[in-house]
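Overview (structure and organization)
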Amino acid sequence: MKILMVSSEATPFAKAGGLADAVSALSRALERAGHEVRILIPRYYFIDRTLLEPVVGGLAVPFPEGSVTCSLYRTLLPDSSIPVYFLEHEGYFGRDGIYGTKTEPDFADNTDRFALLSRGAFALCRALDWFPDIFHAHDWPTALVPVYLRHAERGGNFASAASVLTIHNLGYQGLYPAGRFPGTGLPWALFGSAGFEQGASLNLLAAGLRAADSLTTVSPTYSREIQTPEFGAGLDSVLRHRSSSLVGILNGVDGGEWDPAVDKLLPARYSKADIKGKALCKAELQRLMGLPIDPAVPLVGMVSRLAEQKGIGELFGPMHGSAWRMCTEMALQFVVVGSGEAWCETELRSLSAKLPNFRARIGYDEKLAHLVTAGSDFILVPSHYEPCGLTQLYALKYGSLPIVRRTGGLADTVENYDQGTGSGTGFMFDQLTPGSVFDTTGWAVWAWYNKVEHIRAMRERAMSRVFSWDKSAIEFSRLYDMALAAAKARRGI
Ligand code: ADP
Ligand code: GLC
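Residues numbered from 1 in each chain as written. Chains lettered and ligands numbered in written order. Predicted model: local features only at pLDDT ≥ 70, side-chain atom pairs only at ≥ 80, totals over all residues. Heavy atoms only, no water.

1. What to know about the site of ligand 2
As a structural note, the neighbourhood of ligand 2 is formed by 13 residues, with H168, N251, E386, C388 and G389 the closest of them. In this structure, an oxygen atom belonging to ligand 2 sits 3.4 Å away from a side-chain N or O atom of Q309. Here C388 contributes a backbone N or O atom positioned 3.0 Å from an oxygen atom of ligand 2. Here ligand 2 has 310 Å² of accessible area as a free molecule, and 94% of this is covered by the chains. In the shell around ligand 2, the residues fall into 5 nonpolar, 6 polar and 2 charged. Residues from two domains meet in the shell around ligand 2; each of domain 1 (2-252 + 470-490) and domain 2 (276-466) gives at least three. (Near = heavy atom within 4 Å. Polar contact = N/O pair within 3.5 Å; in protein donor to acceptor, adjacent residues only side chain to side chain. Areas by Shrake-Rupley, 256 points an atom, 1.4 Å probe, with all protein chains shown as cover. Nonpolar A, V, L, I, M, F, W, Y, C, P; charged D, E, K, R; others polar. Domains from an automatic or database assignment.)

Here's what the structure looks like:
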């Protein structure tokens with residue numbers, strides 16, 4: 001099949017979170033499965049144009065006032081023969097930030113920016129005279145792709161194409177003032193009938209969820225959770241309505257980027273059979289962060305966007321956070337690398353200054369993320385909700401036992417420790433409270449000191465777990481067939 005991935009992020013070009021890793025790794029796996037895949041993302045200001053090859057100079061994308069002229073560049077996705085196309089427009093993408101900046105976290109014209117990208121997908125196909133079977137969109141930024149396919153681009157060479165929309169995170173929906181709707185270039189009649197309308201706002205994701213031929217999300221548990229009011233973020237009834245078209249397909253680990261046996265970002269490499277390098281990674285992490293270099297003390301690590309979703313309130317909230325108690329009442333070391341909410345960054349700096357066994361590095365640092373994943377004994381992921389979660393998958397592969405809330409992809413990928421038998425690959429709790437994070441971390445630390453043999457066996461077990469994108473690609477191949485059948489039925493063919 002011919003598949004066009006349309007996304008706001010793709011590793012290594014533009015990354016804000018796991019979405020970027022998922023898009024690139026899935027594309028590679030689909031290519032390995034025999035599909036012809038291409039990717040479209042914006043040419044953001046920070047992507048060096050001189051490394052790209054110009055393709056089309058004057059690409060006309062239909063837009064509210066006539067059309068907008070863009071340029072198109074391309075290069076290959078590393079370790080593949082997948083072309084990645086970059087849509088360039090100075091006014092919309094020639095600025096810092098993917099979705100916004102520190103001072104303006106969500107650009108006011110995001111509807112226009114991502115409408116241009118989504119509509120640009122169709123212009124790209126025309127310009128290249130290449131027409132996909134599947135348009136695969138990801139999250140709210142490209143949720144307009146299925147809407148355009150259904151309502152604006154349904155004829156000609158797109159007549160037999162189907163659309164798939166993957167939900168990586170229902171917490172972000174692309175909610176903007178209704179007055180922004182003309183930016184989509186769609187007629188006002190569709191504002192209500194296509195499902196954009198949400199009070200005085202327009203909801204891009206809501207319309208995409210209704211228009212796509214098939215929907216996926218990134219773990220089976222999350223696919224069930226989002227159909228409930230607790231996790232549905234206001235869209236649970238839409239999702240229940242589309243239940244028969246919604247499938248949960250687990251993300252995988254890209255062995256090219258994340259494998260302790262070949263990871264070039266680590267000071268030492270290791271594997272299940274030869275674990276020595278892990279101790280060197282721990283020592284290097286302790287040295288780098290200015291912690292006592294001590295192999296005997298359990299090191300808890302965290303690599304995370306500092307967003308409410310990730311449980312930062314329960315961990316670092318100044319009044320009731322559990323991190324302070326963990327560091328003062330338990331014999332452990334705690335290392336955090338992250339960036340995000342300003343109050344949390346301030347709190348992390350203050351904890352680093354006050355506590356001898358706590359260190360945080362604020363910012364986005366790929367190399368340090370690898371070192372924390374490898375050098376930690378435990379990786380903490382106390383999320384309120386977690387569609388899939390890649391950090392715990394990396395942790396398992398690197399033999400660092402995850403401490404997680406039993407939700408979404410965390411529930412599907414981590415097995416809880418049983419101190420009677422020693423089975424499991426991590427430590428889990430159900431309710432997210434400062435107390436439960438404290439208690440469960442305490443349980444892991446207790447096992448570290450008292451059940452040494454269990455911890456060793458769990459580490460080995462964790463490293464043996466396989467989360468393969470090739471398996472996901474097989475499930476996606478099946479899903480694409482379903483989407484094509486649904487598109488046919490929709491058109492009455
Ligand atoms: P989400 O997409 O919700 O942020 P995931 O666990 O799916 O959560 O993916 C997070 C990805 O972002 C992982 O690849 C993780 O290593 C990376 N990451 C998060 N914060 C940082 C950071 N401060 N520096 C480097 N990498 C980070
Ligand atoms: C999102 C989710 C995360 C998931 C990632 C990739 O950002 O928050 O759980 O792993 O997308 O699908």
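2. Some remarks on the domain arrangement of the chain
Assigned domains of the chain: these are domain 1 (2-252 + 470-490) and domain 2 (276-466). The interface of domain 1 with domain 2 comprises 20 residues on the first partner and 22 residues on the second. For the domain 1 and domain 2 pair, buried surface summed over both sides reaches about 1,400 Å², with 52% attributable to carbon and sulfur atoms. For the interface between domain 1 and domain 2, the tally reads 1 salt bridge. A salt bridge links K102 to E345; its shortest N-O distance comes to 3.4 Å. Linking domain 1 with domain 2 are 11 residue pairs in polar contact (both at pLDDT 80 or more), by the criterion used here. Elements supplying a minimum of two residues to the side of domain 1 that touches domain 2: α1 (18-32) and α7 (220-225). Considering each element in turn, the side of domain 1 that touches domain 2 owes the most residues, 4 residues, to α7. Grouping the constituent residues of the side of domain 1 that touches domain 2 by class yields 7 nonpolar, 8 polar and 5 charged. (Contact = heavy atoms within 4.5 Å. Buried area = accessible area lost by both parts, 1.4 Å probe. Salt bridge = Lys/Arg side-chain N within 4 Å of Asp/Glu carboxyl O. Helix = DSSP H or I, 4+ residues; strand = E, 2+ residues; numbered from the N terminus.)

3. Looking at the sheet that holds strand β15 (residues 358-362)
A sheet is described by the order of its strands in space; here 6 strands give the open sequence β15-β14-β13-β16-β17-β18, paired in parallel fashion. Two strands lie at the open edges of the sheet, namely β15 and β18 (427-429), each paired on one side alone. Neighbour-to-neighbour, the strand axes of the sheet open up by a mean angle of 15°, direction not taken into account. Pairing of strand β13 (residues 299-306) with strand β14 (residues 333-340) involves 8 bridges; the strand directions are parallel. Across the sheet, the residue bridging to V303 is V337, located in β14. Its contacts with the sheet put helix α12 (residues 342-354) on β13, β14 and β15, and the angle it makes with β15 is roughly 140°. (Pairing = 2+ DSSP bridges. Axes fitted to C-alpha atoms, helices over the stretch in contact; angles between N-to-C directions.)

4. Thoughts on the pairing of strand β5 (residues 83-88)
For β5, a buried count of 6 out of 6 residues is recorded, marking the element as mostly surrounded by other parts of the structure. Every second residue of β5 is oriented toward a common face, with P83, Y85 and L87 on one face and V84, F86 and E88 on the other, all of them buried. Where strand β2 (residues 36-42) meets β5, 4 bridges bridge the pair, whose relative direction is parallel. What sits directly across from L40, in β5, is Y85. (Buried < 20%, exposed > 50% of the residue type's maximum accessible area, 1.4 Å probe, protein only.)

5. Regarding the site of ligand 1
Surrounding ligand 1, one finds 20 residues, the nearest of these being G18, R305, K310, G363 and L390. A distance of 3.1 Å is found between an oxygen atom of ligand 1 and a side-chain nitrogen or oxygen belonging to D21. Contact with the protein chains hides 93% of the accessible area of ligand 1, taken as 560 Å² for the molecule alone. Those elements that provide at least two residues to the shell around ligand 1 are α1, β13, β14, α13 (366-375) and α14 (391-397). If you tally residues by element for the shell around ligand 1, the top one is β13, at 3 residues. Partitioned by chemical class, the residues of the shell around ligand 1 number 6 nonpolar, 7 polar and 7 charged. Each of two domains, domain 1 (2-252 + 470-490) and domain 2 (276-466), supplies a minimum of three residues to the shell around ligand 1.

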